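A structural walkthrough
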Amino acid sequence: MIKIKRLDIALTTLCNFTCKYCRGNPGERKKIPFEEVRIILENFSEYALEAIRLDGGEPFIYGNEIFSIIEYAARKGMTTGIFTNASLLDRQIVKRLQEYIGLQLFVTLHTINEKNEFEATLNGLYLLAEYKILPELIIVVSKKHIPTIRPIIHSLLIL
Ligand code: SF4
């Protein structure tokens with residue numbers, strides 16, 4: 001029997017950030033309706049799918065239905081990972097995220113050279129740290145980023 005370990009789902013092409021190299025297509029901004037995601041998971045569960053990863057765009061633009069996806073996946077025995085820029089996290093969302101055992105968060109630090117956007121990401125990281133949720137951090141390294149990486153890592157170490 002064929003088994004599939006992981007399925008990545010781009011929930012939306014919408015994002016509140018504007019990274020130059022983003023693969024999102026601003027001309028076709030849209031979200032996948034929850035019912036379609038549910039049908040995808042239903043079909044892939046036949047292949048003993050172990051894990052899903054939600055990305056976008058920014059998955060938390062998807063709204064509360066993201067929790068319906070996490071819960072539906074859990075009922076099907078799948079764990080969930082979410083790629084996020086963390087800027088839309090608030091206390092209510094983080095408290096809910098804390099409830100899901102096995103949930104993985106991957107926080108992207110793509111905007112380290114954009115002061116306001118990076119501050120919003122840092123605020124999300126502080127909130128996650130407060131609730132003892134430890135995300136993996138992801139950064140796209142470019143020549144422009146190199147001088148800023150060391151100070152950023154040091155500022156993150158105090159989280
Ligand atoms: S944060 Fe991610 S999804 Fe949003 S614009 Fe940047 S690369 Fe694209």
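Remember, predicted model here, so these are calculated numbers, not experimental data.

Among the 12 residues in the neighbourhood of the ligand, the closest are listed as Cys15, Phe17, Cys19, Cys22 and Asn85. Taken together, the residues of the shell around the ligand sort by class into four nonpolar, seven polar and one charged.

Bringing the pairing of strand E2 (residues 51-55) into the picture now. Only one face of E2 is buried, namely the one carrying Ile52 and Leu54, since none of Ala51, Arg53 and Asp55 on the opposite face is buried. Bridge count for strand E1 (residues 6-10) against E2 is five bridges, and the pairing is parallel. Looking across to E2, one finds that Ile9 is bridged to Leu54. Note that E2 and strand E3 (residues 79-84) share four bridges and pair parallel.

One finds Leu54, Ile66, Ile69, Ala73 and Val107 to be the most contacted residues of the largest nonpolar core, which totals 21 residues. With four residues, the single largest contributor to this core is helix H2 (residues 65-75). Ignoring any residue separated from it by four or fewer positions in sequence, one finds Ile66 in contact with Leu54, Pro59 and Phe60.

Contact pair helix H1 (residues 34-44) / H2: the axes reach a minimum separation of 10 Å and the direction vectors enclose 15°. With respect to H2, the element H1 is oriented roughly parallel. Handedness of the crossing formed by H1 with H2: right-handed. Residues Phe34, Val37, Arg38 and Leu41 of H1 lie in contact with H2, whose contacting residues are Glu65, Ser68, Ile69, Tyr72 and Ala73. Along the lines of polarity and charge, the residues of the contact of H1 with H2 split into six nonpolar, one polar and two charged.

Moving on to the confidence of the model for the protein. Residue-level pLDDT values for the protein average 89, and 94% of them are 70 or greater. Looking at the elements of the protein, mean pLDDT is at its lowest for helix H5 (residues 146-157), recorded as 74, and at its highest for E3, recorded as 98.

Read from one edge of the open sheet, five strands run E1-E2-E3-E4-E5, paired in parallel fashion. Across the chains shown, the open sheet's two edge strands, defined by having one partner strand only, are E1 and strand E5 (136-138). Sheet twist, expressed as the mean angle between neighbouring strand axes with direction ignored, is 20°.

Here Gly124 lies in helix H4 (residues 115-130). Of the residues examined, Gly124 has 23 C-beta atoms within 10 Å and is grouped as buried. Distance from Gly124 to Ser155, taken between C-alpha atoms, is 14 Å for residues 31 residues apart in sequence. The residues touching Gly124, leaving out its near neighbours within four places in the chain, are Ala86, Ser87 and Leu89.

In this section: unusual backbone geometry. Residue Gly57 follows Gly56 across a cis peptide bond; omega there is 20°. Here Gly57 is to be found in the loop between E2 and H2. Positive phi, normally seen in glycine, also occurs at Ala48, with a value near 55°. In this structure, Ala48 sits in the loop between H1 and E2. Phi is positive for Ala86, which is not a glycine, with a value near 70°. Relative to the helices and strands, Ala86 resides in the loop between E3 and helix H3 (91-98). According to the C-beta neighbour criterion, Ala86 is buried, with 25 such atoms within 10 Å.

Conventions and cut-offs
Residues numbered from 1 in each chain as written. Predicted model: local features only at pLDDT ≥ 70, side-chain atom pairs only at ≥ 80, totals over all residues. Near = placed C-beta within 6 Å. Nonpolar A, V, L, I, M, F, W, Y, C, P; charged D, E, K, R; others polar. Buried ≥ 20, exposed ≤ 12 C-beta atoms within 10 Å, placed from the backbone. Helix = DSSP H or I, 4+ residues; strand = E, 2+ residues; numbered from the N terminus. Pairing = 2+ DSSP bridges. Core = buried A, V, L, I, M, F, W, Y, C linked by C-beta atoms within 7 Å. Contact = placed C-beta atoms within 7 Å. Axes fitted to C-alpha atoms, helices over the stretch in contact; angles between N-to-C directions. Parallel < 35°, antiparallel > 145°, perpendicular 65-115°, else oblique. Left-handed = near helix turned anticlockwise from the far one by under 90°. pLDDT = per-residue confidence, 0-100.

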